[in-house]
Structures are given as structure tokens and as C-alpha cells.
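Examination of the molecular architecture
For reference, the chains in residue letters:
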Amino acid sequence: MTIDQHTKLYGVVGHPIGHSLSPTMHNAAFYATRVNAVYLAFDTTDIEGCIKGIKALGIRGMSVTIPHKSAVIPLLDELDALAEQIGAVNTIVNNHGFLTGYNTDAVGALRALEEKVELEGKTCVIIGAGGAARAIGFILKNHGVRLSISNRSVESGENLARYLDCSFVPLAEIENVSMDILIHSTPVGMYPHDEQCLIPREILTKEMVVMDIIYNPLESTLLKRARSQGCLTIDGLGMFIHQGAEQFRLWTGLEAPVEIMRGEVEQALRVGT
């Protein structure tokens, strides 16, 4: 790809951001579709300054990750209906200085789960209370899943449970809860701290579906424990790729080359990038 004065700029903002494979995924998509664009990672705690920079520099689109998914909302000009209902944004589209926030985490998680399990009527516990948990919880409730939230911080967990109109379970008491699906949505266990895990092996039974939204490493310590207990496991790559494909569509109007995106991320994970 030739980078020139017509090259459009996209990126991801968060802190920390060094682990992200979003640049690998999106740059592969731009190259495959011959879109003259590049995608970079921006590590910052100054989300307000970042939004000003997007407008000032004409950055065409931005992914938003931890810890900015909720904090970015009042800084935007408009929210898509789904992002507004969820209360979290992971995608920004810049239309000539007018910034619209979207949430593609919800769609990504839903598609990844539906590839493996029939959702309606199932019971699910989501571990975490951040932007990803909000998005996943919202979309699952809308698809007939009976939901509970569990979290280390009781206050944050109870706040999300109230928002989603579901029950809250302290993480220390999760062994007392019966569930069909367990979804882990926190950064615990992410590279380079991939030995960490919030969930004891004892609560994992072979009847359960266990999903970890972490994709680096592809098989987290939680998923290793779940697999050893006979659970059906779902890694974070499916959600990551599906949410990225929806971002690509929002930014370019084109259908994303999903298999190319998946292949590039898998290759990067294999070589430890």
C-alpha cells in the first residue's frame, strides 16, 4: 500500500493499548479491499483531548476501548440508538467533523455466541461491569437470556445490574449460582498477565458454556480450566472479529473481508505479536 496525501487515518484509543491487535486486523482489511487508509493505536488517558484531535486532524474513525467507552459519550455529537441504550461506545465515525458513536461490541458478542449455542431461555452470568459487560448484557436480555451480573466491585456491579434490570451476585458468592453460560468480560488474564483468572475451577461444570472476551492469549487461563472440566468454550476472537467487521462497514460502507481479518489476527497470535 502506498501512503500518500489521500491516505485516511483510523485508530484505536485506550489505556493501556500495547496489547491490541486491532491495527493488525483493520490494516489487513484496508489492504484486502484496496481502501487507501491506515489504522494506528493511540495510548492515552486524555479522552477529551483525543476527541478534539480527531476533529482537528480529520481522523475518519476511531475504535474506543478500556477505560473510555462510557467517558467518551458526552464528548460526541450524536449517538446511534443502540449505543445510547447500552450506554457505551466502542466506535466513532467522523463525518466532516460531526462525530457519531456506535457500539459494535454487542453485535460482535451476539454473533460469536450464536455460532455455538442457542440463546433463548438460557441463564447467563456476566463477570465484569465495564462497557463490554453493558453491551453484552443488553443484547442478551433482548434475545431472551435470563441474566445476572457478578463483579469484584460491588458498587459497580450493582449499578450495572440495576441498569440491566437483573440480579447481582458478588464474585465471592458465584459458586452458589446456577447458570448455562458464563461470560468473562474483564481484562483479567489478558497478555502479559495471562496466568491470572477470577474463576475457580470448581464452579465450572461440563454442562456450561464458558466465553472469555479476551483474545490475547487466544486460550485464557479461564478457558483452559473450562476445557479441562468438559465445558464448551468460546474464545474472544469471534467477538473481536465480528465487532471489527461491523466497524469496517460503518467506516467504509463496504462488507468486511472477515476471513482475511481472522487469518491475520490468528497469525499474529501464533507468532506472539
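Below or above, wherever it landed, is the structure these notes cover. Fair warning: this is a prediction, and the values are worked out from it, not measured in the lab.

Conventions we followed
Residues numbered from 1 in each chain as written. Predicted model: local features only at pLDDT ≥ 70, side-chain atom pairs only at ≥ 80, totals over all residues. Heavy atoms only, no water. Salt bridge = Lys/Arg side-chain N within 4 Å of Asp/Glu carboxyl O. Helix = DSSP H or I, 4+ residues; strand = E, 2+ residues; numbered from the N terminus. Buried < 20%, exposed > 50% of the residue type's maximum accessible area, 1.4 Å probe, protein only. Phe/Tyr/Trp six-rings, centres within 6.5 Å; stacked < 30°, edge-to-face > 60°. Lys NZ or Arg CZ within 6 Å of the ring centre and 35° of its normal.

So, the pattern of salt bridges
For the coordinates displayed, the defined rule picks out 6 salt bridges. Between Asp 105 and Lys 69 there is a salt bridge, and its shortest N-O distance comes to 2.6 Å. Of the two residues, Asp 105 is situated in helix α4 (residues 105–114) and Lys 69 in the loop between β3 (61–64) and β4 (78–79); the sequence distance between them amounts to 36 residues. Residue classification places Asp 105 among the buried positions, given a relative accessible area of 6%.

Regarding the packing of aromatic side chains
How two aromatic rings sit relative to each other is given by the distance of their centres and the angle of their planes. Tallied over the full model, the rule gives 5 aromatic pairs. On the numbers, 5.8 Å between centres and 40° between planes, the contact of Phe 30 with Phe 248 is tilted. Of this pair, Phe 30 sits in helix α1 (residues 22–33) while Phe 248 sits in helix α8 (residues 237–252); the two residues are 218 residues apart in sequence, bridging distant segments of the chain. Take Phe 30: its relative accessible area is 0%, and that puts it in the buried class. The ring of Tyr 163 has Arg 134 lying over it, and the distance from NZ or CZ to the ring centre is 4.2 Å.

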